[in-house]
Amino acid sequence: MVQAYILIQTEVGKASTVAETIGKLPGVIQAEDVTGPYDVIVRAQSDTVDELGRMVVAKVQQVDGITRTLTCPVVHL
């Protein structure tokens, strides 16, 4: 199991709509709108890194109002 935080920048005024939409996607554990340099932070999981990448590109980045994403896989050191 691979987990990651996805940091999202949105168009002005779109953070809550983006968080709500992404929160309903399969593989998304949690989606919160936040303040700071990013507007939404998502915790997601998938079986493989490749599957995680496909989810981000094919599902998350297609949500209306997103301008940029940064995916940060969780590591256990």
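Everything that follows concerns the structure shown earlier in this document.
Every value quoted in this text rests on a predicted model; they were computed, and no experiment measured them.

What counts and what doesn't
Residues numbered from 1 in each chain as written. Predicted model: local features only at pLDDT ≥ 70, side-chain atom pairs only at ≥ 80, totals over all residues. Heavy atoms only, no water. Pairing = 2+ DSSP bridges. Helix = DSSP H or I, 4+ residues; strand = E, 2+ residues; numbered from the N terminus. Axes fitted to C-alpha atoms, helices over the stretch in contact; angles between N-to-C directions. Contact = heavy atoms within 4.5 Å. Salt bridge = Lys/Arg side-chain N within 4 Å of Asp/Glu carboxyl O. Buried < 20%, exposed > 50% of the residue type's maximum accessible area, 1.4 Å probe, protein only. Arc of directions from axis to C-beta.

Draft legend 1. Geometry of the sheet that holds strand 3 (residues 40–46). Across the sheet, four strands lie side by side as 2-3-1-4; this open sheet has antiparallel pairing. Edge positions in the open sheet fall to strand 2 (28–33) and strand 4 (66–73), since each of these has one partner strand only. Each adjacent strand pair in this sheet contributes to an overall mean axis angle of 20°, direction not counted. The pairing of strand 1 (residues 2–10) with strand 3 spans seven bridges and is classified as antiparallel. What sits directly across from Gln3, in strand 3, is Gln45.

Draft legend 2. View of the side chain of Thr10. Structurally, Thr10 is set in strand 1. Discounting chain neighbours no more than four positions away, the residues touching Thr10 are Ala15, Val18, Asp39, Val40, Gly65, Ile66 and Thr67.

Draft legend 3. Seen up close, the pattern of salt bridges. For the structure shown, the criterion picks out two salt bridges. Lys14 is the salt-bridge partner of Asp64, the closest N and O atoms lying 3.5 Å from each other. Here Asp64 is found in the loop between helix 2 (49–58) and strand 4, whereas its partner Lys14 is found in the loop between strand 1 and helix 1 (15–23), with 50 residues between them in sequence. When its relative accessible area of 59% is taken as the criterion, Asp64 is described as exposed. Measuring nitrogen to oxygen at the nearest pair gives 3.8 Å for the salt bridge that ties Glu20 to Lys24. We note that Glu20, like Lys24, is exposed.

Draft legend 4. Structural view of helix 1. Buried within helix 1 we find Ala15, Val18, Ala19 and Ile22. When helix 1 is viewed along its axis, its buried side chains cluster within an angular range of 100° and face the same direction. Summarising the contacts, the buried residues of helix 1 are in contact with strand 1, strand 2, strand 3 and strand 4.

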